[in-house]
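Chain residues, written in single-letter form:
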Amino acid sequence: MTQPRTFRIAAIPADGVGAEVVAAGRTVLDALAEDSNGAFAFDWEEFPWGCDYYARTGKMIDDDGLDRLKDFDAIYFGAVGWPTVPDHISLWGLRLKICQSFDQWANVRPVHFLPGVQSPLRKADDTALDWVVVRENSEGEYAGLGGRNLAGRGPGGEVAVQSALFTEVGCERIMRFAFDLARTRDRRKVSSVTKSNAQQYGMVLWDDVFTRVAAEYPDVETESVLVDAMSAKFVLKPEELSVVVASNLNADILSDLGSALAGSLGLAASANLNPERRFPSMFEPVHGSAPDIAGRGLANPIGAVGSAALMLDHFGLPEQAARLNAAVQATTAAGILTRDVGGTATTEDVTKALITHLAG
């Protein structure tokens, strides 16, 4: 008898609705494993890190936290942030600490338009729309370089410098990732997002690397679009998109726009990948901690479940990922929707529906 593949997953619910959606995702994944006839299983270990932990200890994560995480097969993350902790402390202290320390340099954020979910985009009513944003996740505008100085000048005299870091290696590897991804899609196209008309050093390097890499992929259609024009294109001509590759900041903003156009940030999944697999990758919904609804059972678990599907793909289980995505589509098509997408279902209602549709 073939031994089941057991995947060790570190669960970090962190803050707010993160606890609810991670619990929902775990329940759905365990149901999927139970229905696999012993082909695979999950071994979960949950960690208490986040803003509550910071309030008790002054730390967002234990000093040995990264050492404890590095041998897991993946990290399943909820959301970080709470009103009592400044955002730059919570984000840099936990999520970015993991992403940067584990060189999770490719952030993948699909934009899926689901049946039964009304998009604010009229074009979505009669046009097939589906694209993915590939975000450079290790440098760019979020490199963390800079400082605040000259406070001694007195009130109003302080100076803050925030430097964006672009390296040829960083640009090239995310662009090759985007081109390789495009080759797996129905439309082989990569759209590069730039702002080289105003950022004449880092973004010009980005453009130069894109031109060089594109020459090695003659079978892939390309375009280079300024970020402001691309934001308009997301709204006016989204049918022209397939793979959109952008810097850390630009992709962060554009992917949220894409998710909003699809109906809600609660639907948005993401993967923070270390493609070389030297470290575990991290999978998380995009929606944030949502303090206003935390603990009320109203959170949309679709983004977390979609992130779980990306994790299954990463594990080499594409058929199981497809089953999970099909269950999501069947659930939304049946009108089982949470409040953020116009429904009345609870987190638990959606979770149960997903498991029902997994069973066929």
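Scroll up a little and you will see the structure.
Residues numbered from 1 in each chain as written. Predicted model: local features only at pLDDT ≥ 70, side-chain atom pairs only at ≥ 80, totals over all residues. Heavy atoms only, no water.

1. Some points on the pairing of strand β8 (residues 189-194)
Item 1. Within β8, six of the six residues are buried, which leaves the element mostly enclosed by the surrounding structure.
Item 2. Both faces of β8 are covered, namely the face carrying K189, S191 and V193 and the face carrying V190, S192 and T194.
Item 3. Inspection of the sheet shows β8 paired to strand β9 (residues 221-226) by six bridges, in the parallel sense. When the sheet's bridge partners are listed, V190 is paired in β9 with T222.
Item 4. For the crossover from β8 across helix α6 (residues 202-214) to β9, the handedness is right-handed.
Item 5. The pairing of β8 with strand β10 (residues 243-246) spans three bridges and is parallel. Each residue of the ladder has a partner; that of S191, found in β10, is V244. (Buried < 20%, exposed > 50% of the residue type's maximum accessible area, 1.4 Å probe, protein only. Helix = DSSP H or I, 4+ residues; strand = E, 2+ residues; numbered from the N terminus. Pairing = 2+ DSSP bridges. Right-handed = clockwise from strand over helix to strand, strands pointing away.)

2. A look at helix α5 (residues 168-182)
Item 1. Helix length check: α5, at 15 residues, gives a terminal C-alpha distance of 21 Å against a target of 21 Å (1.5 Å per residue), a fit within 8%.
Item 2. Of the residues making up α5, those classed as buried are G170, C171, I174, M175, F177, A178, F179 and A182. (Expected span 1.5 Å × (residues − 1).)

3. Some words on the nonpolar core
Item 1. Formed by 68 residues in total, the largest nonpolar core has its most connected members in I9, F42, V190 and L324.
Item 2. Residue contributions to this core peak at eight residues, all from helix α9 (residues 302-314).
Item 3. Dropping the residues within four chain positions of it, V190 is found in contact with A178, F179, A182, F210, V220, E221, T222, E223, V243 and V245.
Item 4. Residues C51, I61, V80 and M282 belong to the second largest nonpolar core, which totals 20 residues. (Core = buried A, V, L, I, M, F, W, Y, C linked by side-chain atoms within 4.5 Å. Contact = heavy atoms within 4.5 Å.)

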